[in-house]
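# A structural walkthrough
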Amino acid sequence: MTDVTARVMSDAVDGLSQPIDAPTLGAPNPEPTLSIHVASLIATAAASDDGGVHGPAVTVAVIILIFWLGTRNMKIVPGRGQAALEAIFMFVRNGIVYDTLGEQRGRRYEPILMTMFFLILGMNLTGTIPGLQLAGTAAIGLPLILAVVSWVMFIYAGMREKGAKFWKDSLFPPGVPVWLYVFIAPLEFLSTFIVRPVTLTLRLTMNMIAGHMLLVLCFTATQFFFFTVLADGNLLGLLGVGSFAFGLAFTVLELFIAALQAYVFAILSAIYIQLAVAEEH
Amino acid sequence: MNIVGQLAPLAFGLAVIGSGIGVGYVIGKTIESVARQPELQGRLQSLMFLGVALTEALCFIAIAVAFIPFPAP
């Protein structure tokens, strides 16, 4: 190994060992990167395959628009819109992040958890908006990426606060007879590093797919009963009233589930971080 | 007599028995605790949703099985 490569490598290692601060709203000069990122995101996402409206692109645009308009002109005595935004922000910050991680540690991970919450909430809500139809999170790509982000985040948190002890604590939990580690270490590895991201992904995706299928079932049944059976003069077609009512009820349920899944994803990410940094005794 | 069909819905039905019992247990215990200490309702409710989400994950894994492209025999 030459001197140059050695120096480059040691520089890289130094760079890694530096504490990387999570981006905050008050970070110096965040505008250029943000605007480039957002513009390219919309430009690539807006090109839908079938030439229709692209749900995720619309969602991202709407989220950005709401937060830009809502936080553009902040006042000490908030107006109605600002108060509503602040209420949601306060709920995510206090109810999800600070409750789980504590205030000091929570401040570090608050931006990314809040981003996750609002992205998932927006993408879930596209499932119930007519014209956009399928939720952005019903395709497995987005939840998978978010789960990987959460996975990297809790490993990073553990490594940052406990170093190598993080691996020891998570693979070899204390208080267990030594010979049992033969069975426990693989199980712990499986449950912590494989099952967690997989369940995060599947829970979100399958919730959205199952909800969508339920709505499809109800509304196609309505269509069939009204326009095929009832049009033939068969009074059994009046069952369509029932399936339509169920469809509407499940739409409301989907709205609730959209918010609930965003909450669950964010709070589980926070709990995984908390478990990674917790001191074992 | 030949019966042709998919086994995936049957497997899903079996999987849902377990997580259905689990979700019912979580919610029932939460109702019990709220009846005992109504002032803790908010905290218990968020814990309940967490427990429900963790239990539900099992039946969502079962749905996902239907999407695995098994090779035809």
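Above this text you will find the structure in question.
Residues numbered from 1 in each chain as written. Chains lettered and ligands numbered in written order. Predicted model: local features only at pLDDT ≥ 70, side-chain atom pairs only at ≥ 80, totals over all residues. Heavy atoms only, no water.

## Examining the overall build of chain B
Threshold: Per the convention used, a helix needs a DSSP run of H or I reaching at least four residues, while a strand needs a run of E reaching at least two, with both numbered from the N terminus. For a compact globule the rule gives 2.2 Å times the number of residues to the power 0.38, and the radius of gyration it is set against comes from C-alpha atoms. Working definition: with a 1.4 Å probe on protein chains only, accessible area under 20% of the residue-type maximum means buried, over 50% means exposed, and in between means partly exposed. In this description, accessible areas are obtained by the Shrake-Rupley approach with a 1.4 Å probe, and a residue is regarded as covered only by the protein chains that are shown.
Scanning chain B for helices and strands turns up two helices and zero strands. Taken against the 2.2 N^0.38 rule, which gives 11 Å for 73 residues, the C-alpha radius of gyration of chain B at 18 Å runs more than 25% over that of a compact globule. Along the three orthogonal principal directions, the C-alpha set of chain B runs to about 60 × 25 × 10 Å. Going through the 73 residues of chain B one by one, you find that 26% of them count as buried. Of the accessible surface of chain B, which amounts to about 5400 Å², a share of 70% is contributed by carbon and sulfur atoms.

## Some details on the interface of chain A and chain B
We count it as follows: Working rule for contacts: check all heavy atoms of both residues, and any pair within 4.5 Å makes them a contact. Take the accessible area each of two parts loses on contact, using a 1.4 Å probe, and add the two losses: that sum is the buried area. For the purposes of these results, a polar contact is taken to be a pair of N or O atoms within 3.5 Å, where, inside protein, one atom must be able to donate a hydrogen and its partner to accept one; residues adjacent in sequence count only when each atom of the pair is a side-chain atom. Gly is placed with the polar residues, together with every amino acid not listed as nonpolar (Ala, Val, Leu, Ile, Met, Phe, Trp, Tyr, Cys and Pro) or charged (Asp, Glu, Lys and Arg).
Taken together, the contact between chain A and chain B spans 16 residues of the former and 12 residues of the latter. Carbon and sulfur atoms make up 82% of the area that chain A and chain B hide from each other, which totals about 1200 Å². Looking at the side of chain A facing chain B, the largest losses of area belong to A:Leu202, A:Arg203 and A:Met206, adding up to 37% of the total buried there. Across the contact surface, chain A and chain B share one residue pair in polar contact (both at pLDDT 80 or more). Listed by contribution, the elements that provide at least two residues to the side of chain A that touches chain B are α8 (181-229) and α9 (239-277) of chain A. Looking at the side of chain A that touches chain B, its residues break down into 12 nonpolar, three polar and one charged.

## Topic: the nonpolar core
Applicable threshold: In this description, a nonpolar core means a group of buried Ala, Val, Leu, Ile, Met, Phe, Trp, Tyr and Cys residues linked to one another through side-chain atoms lying within 4.5 Å.
Formed by 42 residues in total, the largest nonpolar core has its most connected members in A:Ile96, A:Tyr109, A:Leu113, A:Phe117, A:Phe154, A:Phe265 and A:Ile273. Here this core gets 13 residues from one element, more than from any other, and that element is α9(A). Apart from the residues lying within four places of it in its own chain, the contact partners of A:Ile273 are A:Leu101, A:Tyr109, A:Met153, A:Phe154 and A:Ala157. Listed in part, the 10 residues of the second largest apolar core include A:Ala138, A:Leu202, A:Met206 and B:Phe60.

## Some details on the side chain of B:Thr55
All names here are of chain B. Counting through the fold element by element, threonine 55 comes out in helix α2 (residues 41-65). In this structure threonine 55 comes out as buried when scored by relative accessible area, which is 17%. A distance of 2.5 Å separates the side chain of threonine 55 from the backbone oxygen of glycine 51, its partner in a polar contact. With sequence-adjacent residues up to four places away left out, threonine 55 is seen in contact with Ser19, Gly22, Val23 and Val26.

## Comments concerning a nonpolar patch on the surface
To be explicit about the condition: The patches reported here contain residues having more than 30% relative accessible area and no salt bridge. Joining distances are 9 Å for like charges and 5 Å for nonpolar side chains (Val, Leu, Ile, Met, Phe, Trp, Tyr). Here, a salt bridge means any Lys or Arg side-chain nitrogen found within 4 Å of an Asp or Glu carboxyl oxygen.
There is a patch of nonpolar side chains on the surface, built from A:Ile140, A:Leu144, A:Val148, A:Trp151 and A:Val152 and spanning about 410 Å² of accessible area. Locating A:Ile140 in the fold gives a position in the loop between α5 (103-125) and α6 (141-162).

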